[in-house]
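Understanding the architecture of this molecule
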Amino acid sequence: MDSVPSAVTAISRRPDAIAGLEPASAGIGLRHPHHRALLEGERCTGWLEAHAENYMSGGWSRHVLDRLRETYPISLHGVGLSLGGAGRLDTDHLERLRRLVKRVEPALVSEHVAWTGLEGLYLNDLLPLPWTEEALANLVMHIDQTQSALGRPILIENPSSYLAFRHAEMSEGEFLIEACRRSGCGLLLDVNNVYVSARNLGFDAAAYLQAIPGPLVSEIHLAGHSRRDVEGIELRIDDHGSIVDPAVWALYRATIARIGPRPTLIEWDSEIPSLTVLVEESAKADAILSEFRQQSSAEGTGCHAAE
Ligand SMILES: [Fe+2]
C-alpha cells in the first residue's frame, strides 16, 4: 500500500500531533443520561468521548453533540466499523462516519481491534481476532481504507479478552505494534482491558504495558470491571459498570510515569452513575496526569525539586 509509512516514521511520531488535546487531561464518556446536565452546567471535565454510532443521524442527540463541541474537545469512538472483519468494510457505515467526523472535527477518532459481523450481518459485540499475519494484513488494509476515507489517522484500541487462539503467531502486543507501524495509526491503550485480559488469560499486565512504545499511545481508557465465577474459575468481565479497580490505577500510574501524560478517558457504560460520580473518577486521573505534567516540565527546565 502506497500510504503505509515507514516503521521509523510511525514509531517516532509525536502523539500530540494526532491528539490535539494539549495539555493531556482526563475526560468522560458522553452518555444520554448526562446530556441535559452537561448542556446546562458549567464545564466539568477536560473533554468528552462520544460513541460515533449514537450521533450519525440527526435529532436530539446530534443537537446535543453540536452544542457540546462548542465547549468541550470531542473524541469520536466507533464501535461498528468491524476493522478486524474478514469481509469488506461497510462503505455506507464508513461514509456515515466520514460525514460525522467532518461535522464534529474531533480531536481523536478511534475504533476497536475486533470484528462485529460479516457483510450484511451485524452482531452487537466486539469479537476477538487471532493474532496471525493473515488477520494483521486484513486489519491493516481496513485501517488504511478508513484513514484514507477520513483523511486523518485513527487510533485502534486493544481488546479485553476471554479466550486465546491456539494458532496465534505472535502476542497481542506485537500484533498491535505492528498494525500501528504498518498503517501509521496510533494506539488507544485501554489499561483496564489489558488487566482484564491478563487476569483471564494468565499473562503479566505490567510486562505487556512495558513493551508498548510510548510514542504510539495517543489516548488511554480506564474503566471498571466485574468478577464472575464460571465453574469455579474467576473471570474478569469488562462491563464498564463501576469505579476503576485499584490494580488498574496502579498500572495506569506506572504507564504515565513511563510514557508521560496522555488524554485519559473514564468509560462507564452500564449502571451509569450521576455525572458527579463520573467527574470525580476522572479527577483521579487528572491528579495523576498533573503530577507527571509538573514533573516533566520541571525536568524540561532543569528545576528539579530537592530530594
Ligand atoms: Fe476502552
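Glancing now at the overall build of the chain. Across its full length, the chain holds 11 helices and 12 strands. In the chain, which comprises 307 residues, the share counted as buried stands at 42%. Expressed as a percentage of contacts within the chain between residues at least 6 apart in sequence, the contacts between residues at least 24 apart total 78%.

Inspection of the sheet shows strand β5 (residues 115-118) paired to strand β6 (residues 121-127) by three bridges, in the antiparallel sense. Each residue of the ladder has a partner; that of Gly117, found in β6, is Tyr122.

To continue, consider the sheet that holds strand β2 (residues 48-51). Reading around the barrel, the eight strands line up as β1-β2-β3-β4-β7-β8-β9-β12 and close back on themselves, with parallel pairing between neighbours. Strand-to-strand twist of the sheet, defined as the mean angle between neighbouring strand axes without regard to direction, takes the value 30 degrees.

Before going further, it helps to examine the packing of helix α5 (residues 91-104) against helix α6 (residues 133-150). For the pair α5 and α6, the least separation of the axes is 9 Å and the interaxial angle reads 45 degrees. Judged by the inter-axis angle, α5 sits oblique to α6. Read as a crossing pair, α5 and α6 show a hand that is right-handed. The residues of α6 that touch α5, namely those facing Leu94, Arg98 and Val101, are Thr146, Ala149 and Leu150. Residues of the contact of α5 with α6, tallied by class, amount to four nonpolar, one polar and one charged.

For His240, which is not glycine, the phi dihedral falls at a positive 50 degrees. With respect to the helices, strands and loops of the structure, His240 is situated in the loop between β11 (233-237) and α10 (246-259). Residue Glu271 is not a glycine yet carries a positive backbone phi of 50 degrees. Tracing the backbone through its elements, the reader meets Glu271 in the loop between β12 (264-267) and α11 (275-301). Under the C-beta neighbour-count criterion, Glu271 is labelled exposed, with 11 such atoms within 10 Å.

Take the nonpolar core next. With 70 residues, the main nonpolar core has Ile156, Ala179, Leu187, Val191 and Leu222 as its most contacted residues. The residues touching Ala179, leaving out its near neighbours within four places in the chain, are Leu136, Leu139, Val140, Ile143 and Ile156.

The subject of this paragraph is the pairing of strand β4 (residues 108-112). Among the five residues of β4, five are classified as buried, and the element is accordingly described as predominantly covered. In this sheet, β4 lies alongside strand β3 (residues 74-77) in parallel orientation, the contact comprising three bridges. Residue His77 lies in a different strand from β4, and its bridge partner there is Ser110. In this fold, β3 hands off to α5, which returns the chain to β4; that crossover is right-handed. In terms of strand pairing, β4 meets strand β7 (residues 155-157) through three bridges, oriented parallel. Paired with His112 across the bridge in β7 is Glu157.

Turning to the environment of Ser160, a few remarks are in order. Turning to its location among the elements, Ser160 is positioned in the loop between β7 and α7 (172-183). Owing to 23 C-beta atoms within 10 Å, Ser160 belongs among the buried residues under this scheme. Remark: the alpha-carbon pair of Ser160 and Asp238, spanning 78 residues in sequence, is separated by 6.7 Å. Setting aside anything within four residues of it in sequence, one finds Ser160 in contact with Asn193, Val196, Ser197 and Asp238.

Quick look at the environment of Glu157 now. The residue Glu157 is located in strand β7 in this model. Given 23 C-beta atoms within a 10 Å radius, Glu157 is considered buried. Setting aside chain neighbours within four positions, we find Glu157 in contact with Ser110, His112, Val113, Leu188, Asp190 and His221.

Moving on, we come to α10. With 14 residues, α10 ought to run about 20 Å at 1.5 Å a step, and its terminal C-alpha atoms sit 20 Å apart, in line with that. For α10, the full list of buried residues reads Val248, Leu251, Tyr252, Thr255 and Ile256. Axial view of α10: buried residues confined to an arc of 135 degrees, hence all on one face. Looking at α10, the residues exposed on the side facing more than 90 degrees away from the buried face are Pro246, Ala257 and Arg258. Downstream of α10 by a residue or two, Gly260 has a phi angle that is positive, lying close to 95 degrees.

The rules behind these values
Residues numbered from 1 in each chain as written. Predicted model: local features only at pLDDT ≥ 70, side-chain atom pairs only at ≥ 80, totals over all residues. Helix = DSSP H or I, 4+ residues; strand = E, 2+ residues; numbered from the N terminus. Buried ≥ 20, exposed ≤ 12 C-beta atoms within 10 Å, placed from the backbone. Contact = placed C-beta atoms within 7 Å. Pairing = 2+ DSSP bridges. Axes fitted to C-alpha atoms, helices over the stretch in contact; angles between N-to-C directions. Parallel < 35°, antiparallel > 145°, perpendicular 65-115°, else oblique. Left-handed = near helix turned anticlockwise from the far one by under 90°. Nonpolar A, V, L, I, M, F, W, Y, C, P; charged D, E, K, R; others polar. Core = buried A, V, L, I, M, F, W, Y, C linked by C-beta atoms within 7 Å. Right-handed = clockwise from strand over helix to strand, strands pointing away. Expected span 1.5 Å × (residues − 1). Arc of directions from axis to C-beta.

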